[in-house]
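Below are the chains, spelled out letter by letter.
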Amino acid sequence: MNLYLIRHGRQSSRLCNVNVSLSEAGFRQARLAGERLAHKKIDAVYSSDLIRAVETAKEANKLWKVPHMIRTELREISFGDMEGMADEDIAVTFREFKKEQARMEQDLPYPGGECAADVIKRAMPVFEEIASGGFQNVAVVTHGGVIRSIVAAFLHMEPKDYRLLGNSLENCSITEVRWLETYNRFTVERFNDYAHLESYPELLRAGWTAVEN
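Source: prediction; values computed, not measured.

Reading the values: the criteria
- Residues numbered from 1 in each chain as written.
- Predicted model: local features only at pLDDT ≥ 70, side-chain atom pairs only at ≥ 80, totals over all residues.
- Heavy atoms only, no water.
- Phe/Tyr/Trp six-rings, centres within 6.5 Å; stacked < 30°, edge-to-face > 60°.
- Helix = DSSP H or I, 4+ residues; strand = E, 2+ residues; numbered from the N terminus.
- Buried < 20%, exposed > 50% of the residue type's maximum accessible area, 1.4 Å probe, protein only.
- Lys NZ or Arg CZ within 6 Å of the ring centre and 35° of its normal.
- Polar contact = N/O pair within 3.5 Å; in protein donor to acceptor, adjacent residues only side chain to side chain.

1. Description of the packing of aromatic side chains
Two aromatic rings are characterised by how far apart their centres lie and by the angle between their planes. Tallied over the entire structure, the rule returns five aromatic pairs. The interplanar angle of 65 degrees and the centroid separation of 4.8 Å between the aromatic rings of F79 and Y110 together place this pair among those described as edge-to-face. Placement of F79 in the loop between strand 3 (68-70) and helix 3 (87-93) and of Y110 in the loop between helix 4 (95-103) and helix 5 (116-131) is noted, with a sequence separation of 31 residues between them. Seen from their ring centres, W179 and F186 are 4.7 Å apart, and the 50 degrees between their planes marks the pair as tilted. The residues W179 and F186 share a single accessibility class, namely buried. Through a chain of ring-to-ring contacts, the aromatic side chains of F127, F154, W179 and F186 assemble into a single cluster. Positioned above the aromatic ring of Y183 is the side chain of R185, whose terminal nitrogen or guanidinium carbon lies 4.6 Å from the ring centre.

2. Here's the deal with the side chain of N137
Checked against the element boundaries, N137 lands in strand 4 (residues 137-142). Within the local environment of N137, its side chain forms a polar contact with the backbone oxygen of K40, the two atoms lying 3.1 Å apart.

3. Regarding the environment of E88
Note that E88 resides in helix 3. In sequence terms E88 and G9 are 79 residues apart; their C-alpha atoms lie 22 Å from each other.

Just distances and angles here, no functional claims.
Right, dumping it as structure tokens:
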């Protein structure tokens, strides 16, 4: 079985992890991701319940026309006290935390929020559910923190090292994972693939923000 992990499209706010709709650019990104995977014969699409993930899934699913399952467990990592703040304010208020986090000596929870191990614990049962669901090709629309954390788990990396997986994931990039039932394991076939966006530089994160909290 093949899993296509899609980061949601660009949201309509730059504030940290606010539950808002996609921007116009986000809908464009979602359509391009849908077109990129249209030939894969997607059987089902899962998404988190956050608005930007639901809208991304629905937009891409206009091409696939398959069942859409929403799971709260696929929500973005909780940034705790940072949520709703601007990146420049986070950089000042949480300066010391960010320095300690960058050293990756431990799986630090965000102040008042979650760590990677928390995300893995809540999200992994959903991936196990999908793996046992009899599907051949499933799209999962979720978030950057979830993708990096769960891929780290698939690769048997320490949770604290999840930040080694991509400095910045592109919105509506595709990470392909294969479930090998015979060996009871996931393999990562590609990561943060955004070839479908490269012809549109205005849709890349460099044209919006390069910051990843």
